[in-house]
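Secondary and tertiary structure notes
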Amino acid sequence: MVVILEKNATDSQIENVIKHLEGFGFQIHKSIGAERTIIGAIGVKPNFDTRNISILDGVDEVYRVTTPYKLSSRSFHEANTVIKIKDVELGGNQIVMIAGPCSIENEDQIFRLAKVVAKSGAKILRGGAFKPRTSPYSFQGLGEEGLKLIRGAADENKLLVVTEVMQIEQIELIDRYTDIFQLGARNMQNFSLLKELGKTTKPVMVKRGIAATIEEWLMSAEYILNGGNKNVFLCERGIRTFENYTRNTFDLSAIPVVHKKSHLPIIADPSHATGLRDQVPPMARAAVAAGADGIMIEIHDDPENALSDGPQALLPNTYLKLMEELRLIAQAIGRKL
Ligand code: PEP
Ligand code: MN
C-alpha cells in the first residue's frame, strides 16, 4: 500500500500516520520528496480497509498495490483454469457454446429447442426453472417439473445442463438435475448462497451483478473458491449504466480485464447484455473476437409468446447462422468453436 501525504502535512501528522500503520502491523518505508512525503506500507492483509488510513489528517491518497482477491487472481494461479464438465472443457482452446430458452416453459418447447442447440454443435443447454423476475406477477418458472424437463431434453440430445439456483434451499434439488449451477446477477452478492456453493463440487457460473465492479465480481468468485469449489467461471451479462437504448450495457472490455487479472474462464451473455434480438449477433461476434471462453445465447421458436425475455431471444435460424459466423471468428484467432 502506498500512502501519499498532503503537500503541507506536518511532521506530527506524518508521525501519526506511521504510528497507525505500524499499529496495523505494516513495515514502513518513508521517502521524502521535494514536495511530498510518500510512505510505502508492506504486508497488506487482503481485507485491510484502506479508509483506516485515508481518514487520517495529512493523508492525501492511499493506493492498494495488491488485490483483495487471492485465489481468483492470476498472481496466485498463473495458468488458465480449465474446467472439465464431463466431456466439455471450459477455459481451454475450445470456445464453449451454451444456448436455450430463458425459461423452461413446457415439455414440447424445451425438447424442440434442445434439438436446435444440439444441431448447432453447442454442448450445453440453458433454461431457468426458478426465475428471478422483477415483478411478482411475472412467470416464476416451473420449479422441479422444469428441472426434470430440461434434464430429459438435454439427455436425449447429449447436452449438458446449466440452470439457475436462487436460494440455498434449492441447491440439493437442482444438484440432482444440473451439470452447472448458474448464480444469477441479482444474487452475485448473496454471500450465504456463495458460501454454500463453495461446498458443492459442480461448476458454478457467476454472472456479473447488475452494478458490480470487476473487483466485486472476482470477490464473489473468491467466496466460492475459498469454500473449496475450484470450478468457478464468470459470465459478463451487461451492467446498469445511464444508457437506455439497450437493456444493459455490455462491458466487452471486462473479457480482457478478467483474463489479465484472473485465471478463471469468462464467458459472455450478449442476450441479457443487450436485451434486443437484433443486437445479440453483433455482440456475440465481438465477444468471441475479444477472447471469451464461451458464449451463452437465449433462443426461442415462438418469441412473441415466450413466458420471459422473448424480445432478446434469437429465432433458431438466426442462431444457426450466428454459430457459423462465430466459428469463422474463432478460427481467425486460433480457437475452436
Ligand atoms: C438468465 O440467464 O436467465 C438471467 C436471469 O440472467 P441474469 O441473472 O444475468 O439477469
Ligand atoms: Mn433471460
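Owing to the predicted nature of the structure, the values given are computational and were not obtained by experimental measurement.

1. Some words on the overall build of the chain
A count of helical and extended segments in the chain gives eleven helices and 14 strands. Along the first, second and third principal axes, the C-alpha set of the chain runs to 75 × 45 × 40 Å. The 337 residues of the chain split such that 52% are buried. Contacts in the chain between residues at least 24 apart in sequence constitute 67% of all its contacts with a sequence separation of at least 6.

2. Observations regarding a negative patch on the surface
A cluster of like negative charges, contributed by Glu107, Asp108, Glu144 and Glu145, occupies part of the molecular surface. Going through the elements one at a time, helix 3 (107-120) and helix 4 (144-156) are the ones with two or more residues in the negative patch. By the secondary structure assignment, Glu107 is in helix 3. For Glu107, a relative accessible area of 48% gives the class partly exposed.

3. Structural notes on empty space enclosed by the protein
Applying the stated criterion to the full structure yields one cavity of 30 Å³ or more. Approximately 40 Å³ is the volume attributed to the largest cavity. What lines the largest cavity is simply Pro101, Cys102, Ser103, Glu105, Gln109, Glu298, Ile299, His300, Ala306, Ser308, Asp309 and Ala313. Here the residues of the lining of the largest cavity sort into five nonpolar, four polar and three charged.

4. Section: the site of ligand 1
By nearness alone, 13 residues border ligand 1, and Arg126, Gln182, Ala185, Arg186 and Arg237 come closest of all. With respect to ligand 1, the side chain of Gln182 contributes an N or O atom lying 2.9 Å from an oxygen atom. Backbone polar atom of Ala185 to an oxygen atom of ligand 1: 2.8 Å apart, as the coordinates give it. Within the complex, the protein chains bury 97% of what would otherwise be the 300 Å² of accessible surface of ligand 1. When atom positions are compared with the pocket grids, ligand 1 is found to occupy the largest pocket.

5. Describing the environment of Ala292
Here Ala292 shows up in the loop between helix 10 (280-290) and strand 14 (294-298). Note on Ala292: relative accessible area 0%, which makes it buried. The spacing of Ala292 and Pro265 is 27 residues in sequence and 8.0 Å in space, taken between C-alpha atoms. Those residues in contact with Ala292 that lie beyond four places of it in its chain are Ile95, Ile255, Ile266, Ala268, Ala287 and Arg335.

6. A few points about the layout of surface pockets
By volume, the largest pocket amounts to about 280 Å³. The residue makeup of the lining of the largest pocket, split by class, is three nonpolar, seven polar and nine charged.

7. Digging into the sheet that holds strand 2 (residues 27-32)
In spatial order, the strands read 2-3-1-4; together these four strands make up an open sheet with antiparallel pairing. Every other strand in the sheet has two partners, leaving strand 2 and strand 4 (59-63) as the edge strands with one partner each. On average, adjacent strands in this sheet sit at an angle of 20° to one another, irrespective of strand direction. In terms of strand pairing, strand 2 meets strand 3 (residues 37-42) through six bridges, oriented antiparallel. The residue of strand 3 that forms the bridge with His29 is Gly40.

8. Thoughts on the domain arrangement of the chain
Segmenting the chain into domains produces domain 1 (2-63) and domain 2 (83-332). Just the C-alpha atoms count here: the centres of domain 1 and domain 2 sit 44 Å apart.

9. Topic: the coordination of the manganese ion (ligand 2)
For the manganese ion (ligand 2), the full set of protein donor atoms is Cys102 (SG), His272 (NE2), Glu298 (OE) and Asp309 (OD), at a range of 2.0 to 2.4 Å. Coordination of the manganese ion (ligand 2) draws on donor residues from a single chain, spaced C-x169-H-x25-E-x10-D in sequence. Note that Glu298 is positioned in strand 14 and Asp309 in the loop between strand 14 and helix 11 (316-332), a separation of eleven residues in sequence. Considered together, Glu298 and Asp309 belong to a single accessibility category, that of buried residues.

Each value, and the rule that gives it
- Residues numbered from 1 in each chain as written.
- Chains lettered and ligands numbered in written order.
- Predicted model: local features only at pLDDT ≥ 70, side-chain atom pairs only at ≥ 80, totals over all residues.
- Heavy atoms only, no water.
- Helix = DSSP H or I, 4+ residues; strand = E, 2+ residues; numbered from the N terminus.
- Buried < 20%, exposed > 50% of the residue type's maximum accessible area, 1.4 Å probe, protein only.
- Contact = heavy atoms within 4.5 Å.
- Patch = residues over 30% accessible without salt bridge, like charges linked within 9 Å, V, L, I, M, F, W, Y side chains within 5 Å.
- Areas by Shrake-Rupley, 256 points an atom, 1.4 Å probe, with all protein chains shown as cover.
- Salt bridge = Lys/Arg side-chain N within 4 Å of Asp/Glu carboxyl O.
- Lys, Arg positive; Asp, Glu negative; His and termini not counted.
- Charge placed at Lys NZ, Arg CZ, Asp CG, Glu CD.
- 1 Å grid on protein atoms, 1.4 Å probe; cavity = no way out; pocket = protein on both sides within 12 Å on 5 of 7 lines; lining within 4 Å.
- Points joined across faces, edges and corners; volume = space filled by probe spheres on them.
- Nonpolar A, V, L, I, M, F, W, Y, C, P; charged D, E, K, R; others polar.
- Near = heavy atom within 4 Å.
- Polar contact = N/O pair within 3.5 Å; in protein donor to acceptor, adjacent residues only side chain to side chain.
- Sits in = over half its atoms within 2 Å of the grid points.
- Pairing = 2+ DSSP bridges.
- Axes fitted to C-alpha atoms, helices over the stretch in contact; angles between N-to-C directions.
- Domains from an automatic or database assignment.
- Donors = N, O, S within 2.8 Å, 3.2 Å for Na, K, Ca; no water.

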